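Structure assessment
Here is what each chain is made of, one letter per residue.
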Amino acid sequence: MYDPLITNERRLVREYAEFSRNLDKVVSKLGISKVNAILKQIVGSPVCEVRERQRNTALTSFTKSLCAKVFSLEEDRLLSSNVPEYREARMACYLVLRKLTHHSYEKIGEDFCRNKRHVMYYCIRGEEDYLAIPQFRKLWIDKYRRLESGVINYLIESEEDAKRRK
């Protein structure tokens, strides 16, 4: 007899076990202090709003610059070009910023001179068409992961710099 509660519980146990294995891999790869810094960054710590805005502006600028470098594109055309390579690069930026900063679609759109529906479309497309089925977009996934790890390293370094200044 099918019981949805038991099935859901089993699924949660499997997901938690997978999460635990993946967390162990990340800790062994980056070290516990870096993983802790990343988690603090993602969860968010109370900071003055002005410093937060400055940090977000710097993060967005860094992400754009790194994206152009990783995707081998011209940075000044990243915001304006409609060539597929540039659209895919912008999509990677949207996904990374959405994932690591939890900015709204509207906020990300402002940073890229796009409207919120545009950003929402590409975030959903990236998650469903690119990240969900990585074997079809291996080159893009590789570039996306390099961009994501570069931004994470930037966040860790900026967090360590902030601690040293205190």
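Residues numbered from 1 in each chain as written. Predicted model: local features only at pLDDT ≥ 70, side-chain atom pairs only at ≥ 80, totals over all residues. Heavy atoms only, no water.

Applying the stated criterion to the full structure yields seven aromatic pairs. Considering the side-chain rings of Tyr 94 and Phe 112, the 5.1 Å spacing of their centres and the 90 degrees angle between planes classify their relative orientation as edge-to-face. Here Tyr 94, found in helix H4 (residues 84-101), pairs with Phe 112, found in the loop between helix H5 (105-111) and helix H6 (116-131); they are 18 residues apart in sequence, far enough to count as distant. Of the two residues examined, Tyr 94 and Phe 112, each falls in the buried class. If you follow Lys 64 out to its NZ or CZ, it ends over the ring of Phe 112, 5.0 Å from the centre. (Phe/Tyr/Trp six-rings, centres within 6.5 Å; stacked < 30°, edge-to-face > 60°. Helix = DSSP H or I, 4+ residues; strand = E, 2+ residues; numbered from the N terminus. Buried < 20%, exposed > 50% of the residue type's maximum accessible area, 1.4 Å probe, protein only. Lys NZ or Arg CZ within 6 Å of the ring centre and 35° of its normal.)

A cluster of nonpolar side chains, contributed by Tyr 16, Phe 19 and Leu 23, occupies part of the molecular surface with about 330 Å² of accessible area. Considering the arrangement of structural elements, one finds Tyr 16 in helix H1 (residues 4-30). (Patch = residues over 30% accessible without salt bridge, like charges linked within 9 Å, V, L, I, M, F, W, Y side chains within 5 Å. Areas by Shrake-Rupley, 256 points an atom, 1.4 Å probe, with all protein chains shown as cover. Salt bridge = Lys/Arg side-chain N within 4 Å of Asp/Glu carboxyl O.)

Quick look at the nonpolar core now. Core analysis: the largest hydrophobic core is formed by 32 residues, its most contacted members being Cys 67, Phe 71, Tyr 94, Trp 140, Leu 147 and Val 151. Contributing elements (two or more residues each) for this core: helix H3 (49-70), H4, H6 and helix H7 (138-165). No other element matches H4, which puts 10 residues into this core. Residues within four places of Val 151 in sequence aside, it is in contact with Leu 59, Phe 62, Thr 63, Leu 66, Val 96 and Leu 100. (Core = buried A, V, L, I, M, F, W, Y, C linked by side-chain atoms within 4.5 Å. Contact = heavy atoms within 4.5 Å.)

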